[in-house]
Amino acid sequence: MTVINCVAYAGGLRRADVDLDQACPADTSGDFLWVGLHEPSEELLRTVQQRFALHDLAVEDAFNAHQRPKLEIYGESVFVALRTAQLIDRKVQFGETHIFAGRGYVVTVRHGSTTAYREVRARCEGVPKMLEKGESFVVYSIIDFIVDNYFPVIHQLEAEADAMEEEVFSHRTDKTDVERIYELRHELLLMRRAVQPLQEVCNRIMRFDVPLIDHAMNDYFRDIQDHVIQVVESIDNLRDLLASALEANMLLLSLAQNDVTKKLTGWAAILSIPLAIASVYGMNFKNMPELEWPYGYPVTMAVILGLCCLLFYRFRRAGWL
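Scoring rules and cut-offs
Residues numbered from 1 in each chain as written. Predicted model: local features only at pLDDT ≥ 70, side-chain atom pairs only at ≥ 80, totals over all residues. Heavy atoms only, no water. Helix = DSSP H or I, 4+ residues; strand = E, 2+ residues; numbered from the N terminus. Rg over C-alpha atoms; globule rule 2.2 N^0.38 Å. Buried < 20%, exposed > 50% of the residue type's maximum accessible area, 1.4 Å probe, protein only. Contact = heavy atoms within 4.5 Å. Areas by Shrake-Rupley, 256 points an atom, 1.4 Å probe, with all protein chains shown as cover. Lys, Arg positive; Asp, Glu negative; His and termini not counted. Charge placed at Lys NZ, Arg CZ, Asp CG, Glu CD. Salt bridge = Lys/Arg side-chain N within 4 Å of Asp/Glu carboxyl O. Phe/Tyr/Trp six-rings, centres within 6.5 Å; stacked < 30°, edge-to-face > 60°. Lys NZ or Arg CZ within 6 Å of the ring centre and 35° of its normal. Core = buried A, V, L, I, M, F, W, Y, C linked by side-chain atoms within 4.5 Å. Pairing = 2+ DSSP bridges. Axes fitted to C-alpha atoms, helices over the stretch in contact; angles between N-to-C directions. 1 Å grid on protein atoms, 1.4 Å probe; cavity = no way out; pocket = protein on both sides within 12 Å on 5 of 7 lines; lining within 4 Å. Points joined across faces, edges and corners; volume = space filled by probe spheres on them.

Asker: Provide a residue-level description of the overall build of the protein chain, including the pertinent values.
Answerer: Helices and strands together make up the secondary structure of the protein chain, namely 10 helices and seven strands. For the protein chain, the C-alpha radius of gyration of 35 Å lies well beyond 20 Å, the compact-globule estimate for 321 residues. Projected onto its principal axes, the C-alpha positions of the protein chain cover 120 × 40 × 30 Å. Looking at the 321 residues of the protein chain, the share that counts as buried comes to 42%. In the protein chain, once contacts between residues fewer than 6 apart in sequence are set aside, the share between residues at least 24 apart is 65%. Total accessible area computed for the protein chain in this model is approximately 17,600 Å², and 54% of it derives from carbon and sulfur atoms. Taking the 32 positively charged and 45 negatively charged side chains of the protein chain as two groups, their mean positions are separated by 6 Å.

This is the structure:
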């Protein structure tokens, strides 16, 4: 369903479900209407716009989606664009949530991969004293829920990054692991772009020039800001860890190749001795040293073996073999 909920709240309590066609902003301070939409059509958004006098630019942003997290102020109302994140099949799936908030109403619009807000609504309804603060508390609860959902994604990515690091130093990496490291770094970069702007959003919400927001809620928004900073720092640490793991993998591969090169060079030097002597005696000349000497062959073989053993000993001491 496109319209998930349309509920009236008064005095911090849920009063009644309301038909969207009959919906309108509440007149009494502290009372409001909370409308939840999921990927609405343009026609439905225009209907909601007419019912709550939403700004054209905000409605256009909510319909087109793909917005950078931001806070816009339109008269006595605010528009907040947020990015959500979920880890599905080892890939971070992003969605969007847009919040329209004004005197007597809160409208949320969800797009893409995002968790339903039934838990947020139930949490708000479970604390009527806080819900009495009205639209400010609903805006806080939605942003807080979205930011809290970043942490499970980060924790799963951290576990995978740790496993990658162990594979690198246990010499079990292959092409697939290297590709996965690059994928993780790219997903973390996208996630940072989704999370980092929320610091500025929280900063603006706590300013006194933002209408609608009850500044008694500033401590709560500051807590969200702290969580956002923590998520951003975790993302940066993870990207550094993956970069270090990739660099260590390349270094270990280079060392392994150098080791192979040394061994090949050492054996090539050893085998060059019998090859050089045999090539001399393989020439078709009548007068050759020691050709008529009975001990010429065994002496030559002994010289070859001795020189080969000497080179093997020297290369072994040098760590090449």
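After that view, the rundown keeps rolling.
Asker: Which residues make up the environment of Phe94, and what values go with them?
Answerer: Its location among the elements puts Phe94 in strand β6 (residues 91-102). On a C-alpha basis, the gap between Phe94 and Val107 in space is 20 Å, while along the polypeptide they are 13 residues apart.

Asker: How would you sum up the pattern of salt bridges? Please name residues and give values.
Answerer: A side chain with one charge can pair with a side chain of the opposite charge if their charged atoms come near. Here the structure, examined in full by the defined rule, presents 13 salt bridges. Here Glu125 and Arg14 are joined by a salt bridge, their closest N and O atoms 3.0 Å apart. Here the residue Glu125 occupies a position in helix α3 (residues 118-125), and Arg14 occupies one in strand β2 (residues 13-17), the gap between them amounting to 111 residues. Its relative accessible area of 27% is what places Glu125 among the partly exposed residues. Taking the relative accessible area as the measure of exposure, Arg14 reaches 37% and is therefore partly exposed.

Asker: So, the packing of aromatic side chains: which residues are in play, and what are the values?
Answerer: The tally for this structure, following the rule as stated, stands at eight aromatic pairs. Where Phe52 meets Tyr105, the ring centres are 5.1 Å apart and the plane angle is 40°; that geometry is what we call tilted. Residue Phe52 is found in helix α1 (residues 42-52), and its partner Tyr105 is found in strand β7 (residues 105-112); the two are separated by 53 residues along the sequence. Like Tyr105, Phe52 is buried. Ring centres of Tyr140 and Tyr220 lie 5.4 Å apart, and the angle between their planes is 65°; this geometry places the pair in the edge-to-face category. Of this pair, Tyr140 sits in helix α5 (residues 135-148) while Tyr220 sits in helix α9 (residues 218-281), and the two are 80 residues apart along the sequence. Judged by its relative accessible area of 12%, Tyr140 is buried. For Tyr220, a relative accessible area of 34% puts it in the partly exposed group. An aromatic cluster is defined as three or more aromatic residues linked by ring pairs; in this entry it consists of Phe137, Tyr140, Tyr220 and Phe221. Over the face of the ring belonging to Trp34 we find Arg121, whose NZ or CZ atom lies 4.2 Å from the ring centre.

Asker: So what's going on with the nonpolar core? Which residues, and what values?
Answerer: Across soluble globular proteins, nonpolar side chains show a tendency to be buried alongside one another. Trp34, Ile143, Tyr150 and Phe221 are the most contacted members of the largest nonpolar core, which has 57 residues in total. Grouped together as the second largest cluster of nonpolar side chains are 22 residues, Ala23, Leu54, Ala62 and Ala81 included.

Asker: Outline the pairing of strand β5 (residues 77-88), supporting the account with residue identities and numerical values.
Answerer: Across five bridges, strand β4 (residues 70-74) lies against β5 in antiparallel orientation. Across the sheet, residue Lys70 finds its bridge partner in β5, namely Ala81. Hairpin connection, β4 to β5: the antiparallel pair is bridged by two residues, and Gly75 has positive phi, about 65°. Bridge count between β5 and β6: 11 bridges; the pairing is antiparallel. Looking across to β6, one finds that Phe79 is bridged to Phe100. Linkage of β5 to β6, two consecutive antiparallel strands, is achieved through a turn of two residues, within which Asp89 is found at a positive phi near 55°.

Asker: Now, about the sheet that holds β6: what can you tell me, with residues and values included?
Answerer: Within the open sheet, the seven strands sit side by side as β2-β1-β3-β7-β6-β5-β4. Their pairing is mixed. The open sheet has two edge strands with one neighbour each: β2 and β4. Pairwise comparison of adjacent strand axes, ignoring direction, gives a mean angle of 20° for this sheet. The pairing of strand β3 (residues 32-38) with β7 spans six bridges and is classified as parallel. Its bridge partner lying in β7, Trp34 is registered against Val106. Sheet contacts for helix α7 (residues 175-195): β5 and β6; angle to β6, the most-contacted strand, approximately 5°. Taken strand by strand, helix α8 (residues 198-205) contacts β4 and β5, and its axis lies near 35° from that of β4.

Asker: I'd love a proper account of empty space enclosed by the protein, names of residues and values included.
Answerer: Summed over the entire model, instances satisfying the criterion amount to three cavities of 30 Å³ or more. Estimated volume of the largest cavity: approximately 110 Å³. Elements supplying a minimum of two residues to the lining of the largest cavity: β1 (3-10), β3, β7 and α3. Looking at the lining of the largest cavity, the element that brings in the most residues is β3, giving three residues.

The quantities given are spatial measurements derived from coordinates; they are silent on function.
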